[in-house]
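Notes for the structure review
Single-letter residue listing:
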Amino acid sequence: MKKLFILLTLIMTSCTLSNEEKAEKLVKETLKDYLYHPDSYEPISTRVDSMFIDVTTIEPIMEISDEIKDSMSKINRCKRKIKSAESSMDIWVPNGYSSQYSRGEYARAKKEKEEAKSDLDKYIKKLSEQLASLKENVAKYYKGEFTGWVVSHRFRSLNGAGSMTIPGEMLFFCNEEFTTCNGYEVDKIENFAKILKAVDEATSDEDIMDYFKDNSFLL
C-alpha cells in the first residue's frame, strides 16, 4: 500500500508542469498573434520571475505618453503660429497712410494670432491633465504585492519574407494561473521603463516635459 502511494505521488508530480513549462505553453499560444510564421517558432530560453506590478497600467501609460508628445508638438506649433502672426502684425500695423490691403493683412494676422492663442490655451490645459493622468498611472503601476509572473522569453522564427530565421526576445506579463498574458518586445519595455524612471525622479511637470522633449522618439 505504501509503495502504491509513493507510485501515485510520483505520477502526480510528473504530471504537474513547472512554472517555466506553463509559461512556455502560454507564450507559444500567445506568439501566434505576433509572428509572421508561427509554425517556424523555436523556443531558446525562458525565465520566470515573480511580478509585483499592476499590468493594466502599462497600456494607459504608453498611450498617455504618446498623447503628451502629441500635445507638446501642438503647443510648439501654436507658439510658432503666434510668433509668425505677431511678425505680420508688426509689418502691417495700421497708420495714417494704411491702405485697405494692409489693414486687411493686419486683421488677418491678428485673427490668426487669436485663434492660435485659443488653441494654445486648450492644448496647455489638455497637457496638464495628461501629465496628471500619467503620474497617477505610474503610481498605480507599483502594486507592492504579488500579481503574477513576468516571463523573459527568447526564441527563433522566420522573418516576414519567410527567408531567414531571426532571434527574438520578448517579455510576457502573465496572471498567477498562467492562463492569460500580454507580450511586449524588449526594446519597447526598456523605453517604457525609462518613462517610469523619468516620472519617479521628476520634481515638477517641467522635468517630465523635458524628458519627452529629449526622447520624443520613444514608444
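First, a word on scope: everything that follows refers to the structure included in this document. (Residues numbered from 1 in each chain as written. Predicted model: local features only at pLDDT ≥ 70, side-chain atom pairs only at ≥ 80, totals over all residues. Heavy atoms only, no water.)

To summarise the sheet geometry, strands pair through backbone hydrogen bonds and adopt either a parallel or an antiparallel arrangement. If you walk across this open sheet you meet the 4 strands as β1-β2-β3-β4, and the pairing is antiparallel. Taken across any chain shown, the strands that pair with only one partner, and hence form the sheet edges, are β1 (42-51) and β4 (181-185). Each strand axis lies, on average, 25 degrees off the axis of its neighbour in the sheet, ignoring direction. Bridging between β1 and strand β2 (residues 148-158) involves 9 bridges; their strand directions are antiparallel. Paired with Glu-42 across the strands is Arg-156, a residue of β2. Packed onto the sheet, helix α5 (residues 186-201) meets β3 (165-174) and β4 and runs at close to 90 degrees relative to β4. (Pairing = 2+ DSSP bridges. Helix = DSSP H or I, 4+ residues; strand = E, 2+ residues; numbered from the N terminus. Axes fitted to C-alpha atoms, helices over the stretch in contact; angles between N-to-C directions. Contact = heavy atoms within 4.5 Å.)

The next thing to look at is the packing of aromatic side chains. For the structure on display, the rule yields 9 aromatic pairs. Ring centres of Tyr-41 and Phe-155 lie 6.0 Å apart, and the angle between their planes is 45 degrees; this geometry places the pair in the tilted category. In this pair, Tyr-41 is assigned in the loop between α2 (19-31) and β1 and Phe-155 in strand β2, connecting sequence segments 114 residues apart. Assigned by exposure class, Tyr-41 and Phe-155 land together as buried. Arranged with centres 5.1 Å apart and planes meeting at 85 degrees, the rings of Tyr-141 and Tyr-142 form a pair that is edge-to-face. Under the relative-accessibility criterion, Tyr-141 is labelled buried at 10%. Overall, the relative accessible area of 41% leaves Tyr-142 in the partly exposed class. By the ring-pair criterion, three or more aromatic residues cluster together here, those being Phe-52, Phe-146, Trp-149 and Phe-178. (Phe/Tyr/Trp six-rings, centres within 6.5 Å; stacked < 30°, edge-to-face > 60°. Buried < 20%, exposed > 50% of the residue type's maximum accessible area, 1.4 Å probe, protein only.)

Here we come to the packing of helix α4 (residues 100-141) against α5. The N-to-C vectors of α4 and α5 enclose an angle of 105 degrees; their axes lie 10 Å apart at closest approach. In this view, α4 runs roughly perpendicular relative to α5, as classed from their interaxial angle. Here α4 contributes Leu-134, Lys-135, Val-138 and Tyr-141 to the contact with α5, which in turn contributes Phe-192, Leu-196, Val-199 and Asp-200. For the contact of α4 with α5, the residue count by class is 6 nonpolar, no polar and 2 charged. (Parallel < 35°, antiparallel > 145°, perpendicular 65-115°, else oblique. Nonpolar A, V, L, I, M, F, W, Y, C, P; charged D, E, K, R; others polar.)

Helix-helix packing: each pair is described by the crossing angle between the helix axes and the interaxial distance. The N-to-C vectors of helix α3 (residues 58-92) and α5 enclose an angle of 75 degrees; their axes lie 11 Å apart at closest approach. Taken together, the axes of α3 and α5 are roughly perpendicular relative to one another. Here Ile-58, Ile-61, Met-62 and Ser-65 of α3 come into contact with α5, specifically with Lys-188, Ile-189, Phe-192, Ile-195 and Leu-196. Each residue belonging to the contact of α3 with α5 can be placed in one class, and the counts come to 7 nonpolar, 1 polar and 1 charged.

Inspection of the entire model under this criterion finds 14 salt bridges. In this structure, the salt-bridge partner of Arg-47 is Asp-49, at a minimum N-O distance of 3.1 Å. The partner of Arg-108 in a salt bridge is Glu-105, with the nearest N and O atoms 2.9 Å apart. With Arg-108 and Glu-105 both in helix α4, this residue pair falls 3 residues apart, about one helical turn. On the basis of relative accessibility, which here comes to 17%, the residue Glu-105 falls in the buried class. Shared partners join several salt bridges into a network, and the residues in it are Glu-105, Arg-108 and Glu-112. (Salt bridge = Lys/Arg side-chain N within 4 Å of Asp/Glu carboxyl O.)

Strand direction decides the pairing type here: β2 and β3, joined by 10 bridges, are antiparallel. Each bridged residue has a counterpart across the sheet, and for Leu-158 the counterpart in β3 is Thr-165. Taking the residues between adjacent antiparallel strands as the criterion, β2 and β3 are bridged by 6 residues, where Gly-162 takes a positive phi near 70 degrees. Direction of pairing for β3 relative to β4: antiparallel, over a ladder of 5 bridges. Bridging from a neighbouring strand, Phe-173 pairs with Asn-182 of β4. Here β3 folds back onto β4 in antiparallel fashion, the turn holding 6 residues, of which Phe-178 has a positive phi close to 55 degrees.

Read these as geometric descriptors, not functional statements.
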